[in-house]
Amino acid sequence: MRKLTLMLLCFSIFSASYAQEQRVSGKVLDAETGTSMPGVSVLVKNTTRGVVTDVDGQYTINVDPSSTLIFSFIGYETLETQVGNRTSLDVTLTPSISELQEIVVVAYGNKKKADVTSSVTSIDGGELTDVTSPDVSTMLQGKAAGVQVVTGSGQPGSMPVIRIRGIASLNGNVDPLWVVDGAIYHGTPNLNPNEIQSISVLKDASATALYGSRGANGVIVVTTTQAETGKSKLSLSTRTGYSYFNQGNFEVMNSAQLYDYYGQFANPSSIPTEITDDVLKTDFNWIENGTQTGVVQDHTLAFSAGTDKSKTFISLGYYDETGTVKGYEYDRLSFRLNHDYNVSERLTLKPKIAANYSKRDNKQHSLYQMYTNLPWDAAYEEDGTIINPQDQGVTWYGRDRSNYLYDLQWNYSEGTSFNLFSNFDVEFDILQNLTFISTNNITLYGSDSKSYTDPASNSGEANNGELYTYSAKRITRFTNQMLRYSKSFGSHNLNALVAYEYNDYVFEDLGATGYGIISGTEILNNAAKPADVNGFKNDYALQSFLFNTDYSYDNRYLAQFSIRRDGASNFGRNNQYGTFYSFSAGWNIHNEAFFDVAAINSLKLRGSYGAVGNRPSSLYPQYDLYNLSNTYNGAPVTTPSQLGNDDLSWEKSYQTNIGIDAFLFERVNFSVEYYNKNTSDLLYFVTLPSASGYTGYWENIGGVKNTGIETMASVDIFKDGDFTWNVGFNIGSNNNEITELYEDQEIDRGRNVSRVGEDFNSWFLNKWLGVDPETGAPLWEVVDPETGEVSETTDWNEATKQIVGTSSPDFYGGFNTRLGYKGLTLSANFAFSKGGKIYNASRELYDSDGAYPTYNQQVLADDWSRWEKPGDQATHPQAFYGGNNLSNKTSSRYLEDGSFLRMRNIRLGYTLPTGLISKLKMSTAEIYVSGDNLLTFTKFTGMDPEVGIEGVYSNLYPVSRRVAVGLNISF
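Since the structure is predicted, the reported quantities are computational estimates derived from the model, not experimental observations. (Residues numbered from 1 in each chain as written. Predicted model: local features only at pLDDT ≥ 70, side-chain atom pairs only at ≥ 80, totals over all residues. Heavy atoms only, no water.)

Chemist: Honestly, the overall build of the protein chain in this entry has me stumped. Any pointers?
Modeler: A count of helices and strands for the protein chain gives nine helices and 52 strands. Counting only C-alpha atoms and orienting by the principal axes, one finds that the protein chain spans roughly 105 × 90 × 65 Å. The buried share among the 971 residues of the protein chain stands at 49%. Sequence-distant contacts in the protein chain: of pairs separated by 6 or more residues, those separated by 24 or more amount to 68%. Counting every atom, the protein chain has about 44200 Å² of accessible surface; 54% of that belongs to carbon and sulfur. Looking at charge distribution, the protein chain has the averaged site of its 74 positive side-chain charges lying 9 Å from that of its 109 negative ones. (Helix = DSSP H or I, 4+ residues; strand = E, 2+ residues; numbered from the N terminus. Buried < 20%, exposed > 50% of the residue type's maximum accessible area, 1.4 Å probe, protein only. Contact = heavy atoms within 4.5 Å. Areas by Shrake-Rupley, 256 points an atom, 1.4 Å probe, with all protein chains shown as cover. Lys, Arg positive; Asp, Glu negative; His and termini not counted. Charge placed at Lys NZ, Arg CZ, Asp CG, Glu CD.)

Chemist: Help me understand the packing of aromatic side chains, please; the structure alone is not making it clear to me.
Modeler: How two aromatic rings sit relative to each other is given by the distance of their centres and the angle of their planes. Under the defined criterion, the tally for this structure stands at 39 aromatic pairs. Through pairs of rings, three or more aromatic residues link up here, namely Tyr 261, Tyr 262, Phe 265, Trp 376, Tyr 397 and Tyr 881. The ring of Trp 796 has Lys 889 lying over it, and the distance from NZ or CZ to the ring centre is 5.2 Å. Above the ring of Tyr 928, the side-chain terminus of Arg 907 is found at 4.0 Å from the ring centroid. (Phe/Tyr/Trp six-rings, centres within 6.5 Å; stacked < 30°, edge-to-face > 60°. Lys NZ or Arg CZ within 6 Å of the ring centre and 35° of its normal.)

Chemist: Would you mind going over helix 4 (residues 255–263) with me for this structure?
Modeler: Every α-helix carries 3.6 residues per turn, so stepping three or four residues along brings you back to the same face. Of the residues making up helix 4, those classed as buried are Ser 255, Leu 258, Tyr 261 and Tyr 262. The buried residues of helix 4 all sit within an arc of 125° when viewed along its axis, so they share a single face. Sitting at the head of helix 4, Asn 254 places a side-chain oxygen 3.2 Å from the backbone nitrogen of Ala 256. (Arc of directions from axis to C-beta. Polar contact = N/O pair within 3.5 Å; in protein donor to acceptor, adjacent residues only side chain to side chain.)

Chemist: Explain the environment of Tyr 357 here, please?
Modeler: Within the fold, Tyr 357 resides in strand 21 (residues 347–362). Overall, the relative accessible area of 41% leaves Tyr 357 in the partly exposed class. Setting aside residues up to four positions removed in sequence, Tyr 357 forms contacts with Asp 331, Arg 332, Leu 333, Thr 416, Ser 417 and Phe 418.

Chemist: Explain the pattern of salt bridges to me, please; I cannot follow it from the model alone.
Modeler: Think of it this way: side chains of opposite charge can pair up when their charged atoms draw near. This structure, assessed with the given rule, holds 36 salt bridges. Put simply, Arg 399 and Asp 400 hold a salt bridge, and the shortest N to O gap is 3.6 Å. Overall, Asp 400 belongs to the partly exposed group, its relative accessible area being 38%. Residues participating in the shared-partner salt-bridge network are Arg 165, Lys 203, Arg 606, Asp 661, Glu 673 and Glu 710. (Salt bridge = Lys/Arg side-chain N within 4 Å of Asp/Glu carboxyl O.)

Chemist: Which parts of the structure should I look at to understand the environment of Phe 663?
Modeler: Locating Phe 663 in the fold gives a position in strand 32 (residues 651–664). Counting along the chain gives 60 residues from Phe 663 to Leu 603, while the straight-line C-alpha distance between them is 6.6 Å.

Chemist: Whenever I open this one, the sheet that holds strand 51 (residues 952–953) confuses me. Can you help?
Modeler: Strand-to-strand pairing in sheets goes through backbone hydrogen bonds, with the strands running parallel or antiparallel. Here three strands make up an open sheet; going across it, the order is 48-47-51 and the pairing mixed. Edge positions in the sheet fall to strand 48 (895–897) and strand 51, since each of these pairs with one other strand and no more. Where strand 47 (residues 837–840) and strand 48 come together, three bridges link them in antiparallel fashion. Of the residues in strand 48, the one forming a bridge with Tyr 839 is Leu 895. (Pairing = 2+ DSSP bridges.)

Chemist: For this particular structure, what's the right way to read the UniProt feature "domain: TonB-dependent receptor-like beta-barrel" (unreviewed entry) in the protein chain?
Modeler: Following the UniProt record, one finds the feature "domain: TonB-dependent receptor-like beta-barrel" (unreviewed entry) at residues 384–828. Taken end to end, residues 384–828 is 1% helix and 64% strand, and its first and last C-alpha atoms sit 45 Å apart. (UniProt positions renumbered as here; feature names shortened; annotations may be inferred.)

Chemist: Looking at this model, I keep getting lost on the sheet that holds strand 35 (residues 696–700). Mind explaining?
Modeler: Read across the open sheet, the four strands follow the order 30-31-35-34; overall the sheet is mixed. Either end of the sheet is taken by a strand with one partner, and the two such strands are strand 30 (625–632) and strand 34 (683–687). Ignoring strand direction, the axes of neighbouring strands in this sheet form an average angle of 30°. With six bridges connecting them, strand 30 and strand 31 (residues 635–643) associate as antiparallel partners. Bridge assignment links Leu 625 to a residue of strand 31, and that residue is Gln 642. (Axes fitted to C-alpha atoms, helices over the stretch in contact; angles between N-to-C directions.)

Chemist: Which parts of the structure should I look at to understand unusual backbone geometry?
Modeler: If a residue is not glycine, its phi is most likely negative; likewise, a peptide bond is most likely trans. Its identity is not glycine, yet Asn 464 carries a phi of approximately 55°, on the positive side. Within the secondary structure, Asn 464 is located in the loop between strand 23 (434–453) and strand 24 (466–489).

Chemist: I keep staring at the side chain of His 365 and nothing clicks. Help me out?
Modeler: Tracing the backbone shows His 365 in the loop between strand 21 and helix 6 (367–372). A relative accessible area of 10% means that His 365 is categorised as buried. Sequence-distant contacts of His 365, defined by excluding residues within four places in its chain, comprise Asn 289, Gly 290, Val 325, Lys 326, Met 370, Tyr 404, Leu 405 and Leu 408.

Chemist: Any chance you could explain the confidence of the model for the protein chain here in plain terms?
Modeler: Low pLDDT means the predicted coordinates in that region are not meant to be read closely. Residue-level pLDDT values for the protein chain average 89, and 96% of them are 70 or greater. Contacts from residues 1–19, a stretch scored under 50 in pLDDT, to residues over four places away or in other chains number zero contacts. (pLDDT = per-residue confidence, 0-100.)

Chemist: So what exactly am I meant to see when it comes to the nonpolar core here?
Modeler: Taken as a class, soluble globular proteins show a tendency for nonpolar side chains to be buried jointly. If you look at the biggest cluster of nonpolar residues, it comprises 41 residues, and the most contacted ones within it are Tyr 108, Leu 140, Ile 199 and Tyr 211. For this core, the elements supplying multiple residues, two or more each, are strand 11 (147–150), strand 12 (161–164), strand 13 (177–180), strand 14 (183–185), strand 15 (196–202), strand 16 (219–224), strand 24 and strand 25 (492–515). When sequence neighbours within four positions are dropped, the list of residues in contact with Tyr 108 reads Ile 184, Leu 210, Tyr 211, Asn 480, Met 482, Arg 484, Leu 497, Glu 501, Leu 546 and Arg 564. Listed in part, the 28 residues of the second largest apolar core include Phe 245, Ile 386, Tyr 404 and Tyr 855. (Core = buried A, V, L, I, M, F, W, Y, C linked by side-chain atoms within 4.5 Å.)

Chemist: For this particular structure, what's the right way to read the pairing of strand 25?
Modeler: Consecutive side chains of a regular strand alternate in pointing toward one face of the sheet and then the other. Sheet topology note: the strand 24/strand 25 ladder contains 24 bridges and is antiparallel. Across the sheet, residue Gln 481 finds its bridge partner in strand 25, namely Tyr 500. In the sheet, strand 25 pairs with strand 26 (residues 529–553) via 24 bridges, with the strands oriented antiparallel. Considered in strand 26, the bridge of Asp 509 is made with Phe 536.

Chemist: It is not clear to me how the side chain of Ser 618 should be interpreted in this structure. Could you clarify?
Modeler: As for its placement among the helices and strands, Ser 618 is situated in the loop between strand 29 (600–614) and strand 30. Reaching out from Ser 618, the side chain makes a polar contact with the backbone nitrogen of Tyr 620 at a distance of 3.2 Å. Not counting residues within four places of it along the chain, the set of residues in contact with Ser 618 comprises Asn 570, Gln 642 and Trp 698.

Chemist: What exactly am I supposed to notice about the environment of Thr 679 here?
Modeler: Relative to the elements of secondary structure, Thr 679 occurs in strand 33 (residues 668–680). With a relative accessible area of 0%, Thr 679 lands in the buried category. A distance of 2.7 Å separates a polar atom in the side chain of Thr 679 from a polar atom in the side chain of Ser 653.

So, in structure tokens, the structure goes:
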């Protein structure tokens, strides 16, 4: 009886489960051709059950209604769909874009990756937004070989510096050119990273020559998001983060440490008598008092929809960040509308408009005083009242007798800026293979700022308060009228374009200062006395004619040629126009009949040569300039300023690039290239003796050469199934050498020098030899200019300035990894730099051996030591109140290794299951947590090794550590 009952129970369970399944039938079609697809795998997700479509693309399978079917076929995108209550389920599969079919945005168009013969790095927009930042340029760090991105400051809203393949100018522009949706922009555009579809970094002459005089420093091409035909999507991206002040390896002394430091002075009689052990009663932490946990909010709402007739993308973004140093806030509101409208089969209109409004509120605590103020000086009375060191009877040990918090009760500054970017683009198909493309852009920029100094503050006392206002506006116009021809005949493919381009720029500003104000007033007209009025205006214009042609034969042999003729307003009449060109070739070896290596899916050899140009940083170098700001008897008078040069010519960079691209085992992408960038006719401002009456003139005086190797690799270790794992790596090295200078004369630039045969970033300093072990005195090197004999000196003034290294790194790059398992993803990005010396200028104050005894001092690093007695092998001289023989003066003593490895970002995300989000009426939903700059490995003793391209560290606002939580959903 018991066995019979058990059998009936099992049969009932089996019957119930079988009854829950349903028979589903359908057909699988090719999305592009509409033909049936036999042999497609139809698998029930998370099981081993499945079927294969027959010769007609038909399939039948029994499944539970809650199941998800996975349709997969080699060469096509895998499709997952939930069954639900359907018994008939037809699907279409889209051909996957292979590595070689991938479209890459290049100058004035796009190409299949297989057809590219120039040096281009393409970055998908989704790869940029891992880092929480309001600007695009920060997000490029470590993601493109040969592209050096140095943050330089952690203040909210600050922009990093970008260098592509080194520095190729002495006084010309060294920043890359930015191109957004086909229009050339002035400076770095202020864009919402969530609006970007892709970025291409163009690096060699073949890639940049079509931009002529503005392509010498590389080009960054940005494509903003466009809607797709047949799809509508509403998406929300939101994240909130918390930022933490990052002191790195830098630490200033507390009260006891500073008192012990005073006890090491070899001349205790020089110490002021008021400094006794009573100072130990106060131990105020100025850094802790001036820093906080910053808050970041980043939200973007976007909608896109497309039909055969019209496509629209709209986005609205808001970004707000409070700094990790108290008192500073940056926020930005951004909007974008991209619209394509097909008026007819031949005519398409493409208007675009974007705008952003930014605001900065600045009552920021003083970084300088946070580092220099002594822990013996408290900022507040016991009752919380802010101490004014200027008051009578106040004991204050610090040199400047300044408590920035006192003035910060009233004083502040604030600023706003508005950017408007607008395009009206037109495409018209004249013939089947001939298209007219018109790109027209105008940008408007306006900014207003105000600085308020209250009459009650110490800094406002002299003028009874002060109010300064400033406004600026900029207008740029850009137009490009292009004819594009494309024709395929047999195995031959030909593409060509010819275009005319015009671009101009006008900038104007006005500033005014008023003295004598009523506390709280914000109106300049209320000032009792006008103090200063200043204004400025400049402009430029360029026009160009350009031509480019690409040819390929049988997908094996590739060739490209381009030429551009540029005219610029800031050259003399004798050299106002310049011609720039490039040609390149490529060989797809894997398409040859003789090539039969199964492990190598693609192999391409490419090479290019070309000439691009650069303009001077001055907009009027060709003219004699006069200063009109001087007066005589109340009337304005002219005084000479700059001597003109009608023969001033373009800088010219002749670039050679050789590269190999490979795709191996259907998993490994690999690229390596060598470049040689030789720049001649360098633009330089030659100073003249004051007796001439002129400050100087512009001249073409020399040359610079940059050579380097770049390598990129990406490996899909696991790419099929539930578990995926990708690893990527890029590295670049650049060697810079000055090849020619005016009359071969070296140029002493203070801490640096320009000398033939040396790196432009060479340090030119007195050479530090350490500490005399017998006396504890500082030592420098003396080189006899006649004999070259080397000797030591304890007198800084007798030491010989010489080249003692460079700020240029040996190599730099980044690596990343991404793991996925079902809905989980874990990714991490790292950036690194090896070699290069940082001049830690802050140590002249904080590590001064007693020269600045009334400034707080830096705690010695673990491998540092101070001389105390004869025989000591120490890194630091004996300390004296007032200093030890100028030991803290500028020298190679303060050069430090700038190498670092930084975890730029780590991110853990989870995408909700398809079944769940479909019930919530959503198409995708992901939650994630991310961290920025959580780990930095470096021996540099400052707060942050990312100090800027020049390599000088001084009172830097360090890049913060950040943790954020976010949500991405779409409907």
